[in-house]
Amino acid sequence: MHETPSDLTALQGLLDHSMASAGAHLSSIITPSRRLAAQQVCDRLTGMSLLALATVTSEGRPLVGPVDGIFYRGSFYFGSSPDSVKFRHIRHRPFVSATHLPGEELAVTVHGRAIPVDVRSVENAGFRQTLLDVYVLRYGPEWEKFLDSGPTYARIEASKMFTFHMTLDG
């Protein structure tokens, strides 16, 4: 977990504000006992979390595709090729939605703007190290060379975040 006390406070505020503005239907499903607190979100979203990421086409249509999500300092980050359709959409229309849904017992959904992140900058050294910690173990030390020459990353600056958790019996 990389979150500071300030990150946790901001994340809890986002979660509370999001639920306060939820409609009746969503509130009837995501009851207080089915919500995760900020600390619980951070505890569950370690390593890589597969996200279904929606971007917006020039015609205003949503387009969804999978991306590796990294939850760092209270926000989801994701990467793709700089010439991918995802990043072409984001350069013109940065609004995105993403859901981590590993099974029916857990869902984390976020809506917001994709903000480009330079993984080579000093200010993003912690995020870069997090990427290395996740992917070098998986793909070997040559992944760092790939990181320096390949993907583009973005952080989802969330305007809303909803969590759902329930224990499945049997």
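Starting from 1, residues in each chain are numbered consecutively following that chain's sequence as written. Local features are withheld for residues below a pLDDT of 70 in this predicted model, meaning they are given only at 70 or higher, and side-chain atom pairs are given and counted only at 80 or more; totals for whole chains, interfaces and linings count all residues. Hydrogens and waters are ignored; side-chain quantities use all the structure's heavy atoms.

**As for the overall build of the protein chain**
And then number 1: The secondary structure listing takes helices from DSSP runs of H or I that are at least 4 residues long and strands from runs of E that are at least 2 residues long, numbered from the N terminus. Secondary structure summary: the protein chain contains six helices and six strands in total.
And then number 2: Along the protein chain, helices (α) and strands (β) appear in the sequence α-α-α-β-β-β-α-β-β-α-α-β when read from the amino end.
And then number 3: The dimensions of the protein chain, computed from C-alpha atoms along their principal axes, are 45 × 40 × 35 Å.
And then number 4: Think of it in three bands: residues with accessible area under 20% of the maximum for their type are buried, residues over 50% are exposed, and the middle band is partly exposed, with areas taken using a 1.4 Å probe on protein chains only. Out of the 170 residues in the protein chain, the part that is buried amounts to 44%.
And then number 5: In this analysis, two residues are considered to be in contact whenever any of their non-hydrogen atoms come within 4.5 Å of each other. The contacts of the protein chain with a sequence gap of at least 6 include a subset with a gap of at least 24, amounting to 67%.
And then number 6: Areas reported as accessible are Shrake-Rupley estimates using a 1.4 Å probe. Residue values count occlusion only from the protein chains shown. Accessible surface computed for the protein chain: about 9,200 Å², of which carbon and sulfur atoms make up 55%.
And then number 7: Counted as positive: Lys and Arg. Counted as negative: Asp and Glu, with His and the chain ends omitted from the count. For charged residues, the charge sits on one atom: NZ in Lys, CZ in Arg, CG in Asp, CD in Glu. Counting 16 positive and 17 negative side-chain charges, the protein chain places the centres of these two groups 7 Å from one another.

**Re unusual backbone geometry**
And then number 1: A positive phi angle, close to 55°, is found at arginine 73, a residue other than glycine.
And then number 2: Here arginine 73 lies in the loop between β2 (62-72) and β3 (75-80).
And then number 3: With a relative accessible area of 37%, arginine 73 lands in the partly exposed category.

**Let's talk about the environment of threonine 46**
And then number 1: As for its placement among the helices and strands, threonine 46 is situated in the loop between α3 (38-44) and β1 (48-56).
And then number 2: The class for threonine 46 is partly exposed, based on a relative accessible area of 49%.
And then number 3: Through-space distance from the C-alpha of threonine 46 to that of glutamate 105 is 17 Å; in sequence the pair is 59 residues apart.

**Observations concerning the sheet that holds β2**
And then number 1: When DSSP finds two or more bridges between two strands, those strands count as paired. Judged by pairing direction, the barrel is antiparallel, and its six strands sit side by side in the order β1-β2-β3-β6-β5-β4 before closing back on the first. Between one strand axis and the next, the sheet turns by 40° as a mean value, whatever way the strands run.
And then number 2: Pairing of strand β5 (residues 106-117) with strand β6 (residues 152-165), which is carried by twelve bridges, proceeds in the antiparallel orientation. Counterpart to alanine 114 in the pairing with β6 is isoleucine 156.
And then number 3: Fitted lines through C-alpha atoms give the axes, limited to the stretch in contact for helices. The angle between two N-to-C directions lies from 0 to 180 degrees. Docked against the sheet, helix α1 (residues 5-20) engages β2 and β6, running at close to 55° with respect to β6.

**Overview of helix α5 (residues 125-139)**
And then number 1: What a helix should span is 1.5 Å times the count of its residues minus one. A rise of 1.5 Å per residue sets the reference length of α5, with its 15 residues, at 21 Å; its end C-alpha atoms lie 20 Å apart and thus fit the reference within 8%.
And then number 2: For α5, every residue scored as buried is listed here: Phe127, Arg128, Thr130, Leu131, Leu132, Val134 and Tyr135.
And then number 3: Packing partners of the buried residues in α5 comprise β1, β2, β3, β5, α6 (143-149) and β6.
And then number 4: Of the residues one or two after α5, glycine 140 is the one with positive phi, at around 95°.

**Concerning the pattern of salt bridges**
And then number 1: Basic side-chain nitrogens of Lys or Arg form a salt bridge, by our definition, when they fall within 4 Å of a carboxyl oxygen of Asp or Glu. Summed over the entire model, instances satisfying the criterion amount to six salt bridges.
And then number 2: For glutamate 59, the salt bridge goes to arginine 61, with nearest N and O atoms at 3.4 Å.
And then number 3: Two residues, arginine 128 and aspartate 148, come together in a salt bridge whose shortest N-O distance is 2.8 Å. Of this pair, arginine 128 sits in helix α5 while aspartate 148 sits in helix α6, and the two are 20 residues apart along the sequence.

**Details of α1**
And then number 1: Here α1 is 16 residues long and its end C-alpha atoms lie 22 Å apart, about the 22 Å a rise of 1.5 Å per residue gives.
And then number 2: Every buried residue of α1 is accounted for by Asp7, Leu8, Leu11, Leu14, Leu15, Ser18 and Met19. One side of α1 holds all its buried residues, which, seen down the axis, span an arc of 125°. Within α1, the exposed residues directed more than 90 degrees away from the buried face are Pro5, Ser6, Thr9, His17 and Ala20. Each direction from the helix axis to a C-beta atom contributes to the arc, which is the arc of those directions.

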